[in-house]
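Architecture at a glance
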Amino acid sequence: MTKNNFADLKGQTDEGLAGQLSELKREQFNLRFQAATGQLEKPGRIREVRRTIARIKTLQSGRKPQQTGA
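Residues numbered from 1 in each chain as written. Predicted model: local features only at pLDDT ≥ 70, side-chain atom pairs only at ≥ 80, totals over all residues. Heavy atoms only, no water.

What follows is about the overall build of the protein. Along its length, the protein carries three helices and zero strands. For the protein, the N- to C-terminal ordering of α and β elements is α-α-α. For the protein, the residues scored as buried account for 19% of the 70 residues in total. Across the protein, contacts joining residues at least 24 apart in sequence account for 65% of those joining residues at least 6 apart. Carbon and sulfur atoms make up 50% of the accessible area of the protein, which totals about 5400 Å². (Helix = DSSP H or I, 4+ residues; strand = E, 2+ residues; numbered from the N terminus. Buried < 20%, exposed > 50% of the residue type's maximum accessible area, 1.4 Å probe, protein only. Contact = heavy atoms within 4.5 Å. Areas by Shrake-Rupley, 256 points an atom, 1.4 Å probe, with all protein chains shown as cover.)

This is the structure we're talking about:
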């Protein structure tokens, strides 16, 4: 997977973001297992995946309609 730019993520649909989020969470899980067993080739990928997940969650929370308190 290539490095994601925030502008690229903004252009995606909500469904696209949700799909990419689940894919990144799966990758993050696999990277943690690789790190635990000493098979991790790119340690920096963990940071990149974690930050991309945070970017997606930030976009998703910004797109939610604001609820007003009654």
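Attention shifts here to helix 3 (residues 44–63). Helix length check: helix 3 (20 residues) gives 29 Å between terminal C-alpha atoms against 28 Å at 1.5 Å per residue, within 8%. Every buried residue of helix 3 is accounted for by R45, V49, T52, I53, I56 and L59. The buried side chains of helix 3 occupy one side of the element, clustering within an arc of 125° when seen end-on. (Expected span 1.5 Å × (residues − 1). Arc of directions from axis to C-beta.)

Here we come to the nonpolar core. The biggest cluster of nonpolar side chains holds nine residues, and these are L9, L17, L21, L24, L31, V49, I53, I56 and L59. Secondary-structure elements contributing two or more residues to this core are helix 2 (14–37) and helix 3. If near-sequence neighbours (up to four positions away) are discounted, I56 is found in contact with L9, L17, Q20, L21 and L24. (Core = buried A, V, L, I, M, F, W, Y, C linked by side-chain atoms within 4.5 Å.)

It is worth spelling out the confidence of the model for the protein at this point. In this model, the protein carries a mean pLDDT of 89, and residues with pLDDT of at least 70 account for 87%. When the elements of the protein are averaged for pLDDT, helix 1 (residues 6–10) gives the smallest value, 87, and helix 2 the largest, 96. (pLDDT = per-residue confidence, 0-100.)

Before going further, it helps to spend a moment on the pattern of salt bridges. Tallying each qualifying case throughout the model produces three salt bridges. Its salt-bridge partner being E48, residue R45 comes within 2.9 Å of it at the nearest N-O pair. Highlighted residues: R45 and E48, both in helix 3, separated by three residues, approximately one helical turn. Classification of R45 as buried rests on a relative accessible area of 13%. By sharing partners, the salt bridges in this structure join E27, R45 and E48 into a single network. (Salt bridge = Lys/Arg side-chain N within 4 Å of Asp/Glu carboxyl O.)

Attention shifts here to the packing of helix 2 against helix 3. Helix 3 packs onto helix 2 with a crossing angle of 155° between their chain directions and a minimal axis gap of 9 Å. The angle between helix 2 and helix 3 falls in the class roughly antiparallel. Both helix 2 and helix 3 take part in a crossing whose hand is left-handed. Of helix 3, the residues touching helix 2 (which contributes D14, L17, A18, Q20, L21, L24, K25, E27, Q28, L31 and A35) are R45, I46, V49, R50, T52, I53, I56, K57, L59, Q60 and R63. Here the contact of helix 2 with helix 3 is built from residues that sort into 11 nonpolar, four polar and seven charged. (Axes fitted to C-alpha atoms, helices over the stretch in contact; angles between N-to-C directions. Parallel < 35°, antiparallel > 145°, perpendicular 65-115°, else oblique. Left-handed = near helix turned anticlockwise from the far one by under 90°. Nonpolar A, V, L, I, M, F, W, Y, C, P; charged D, E, K, R; others polar.)

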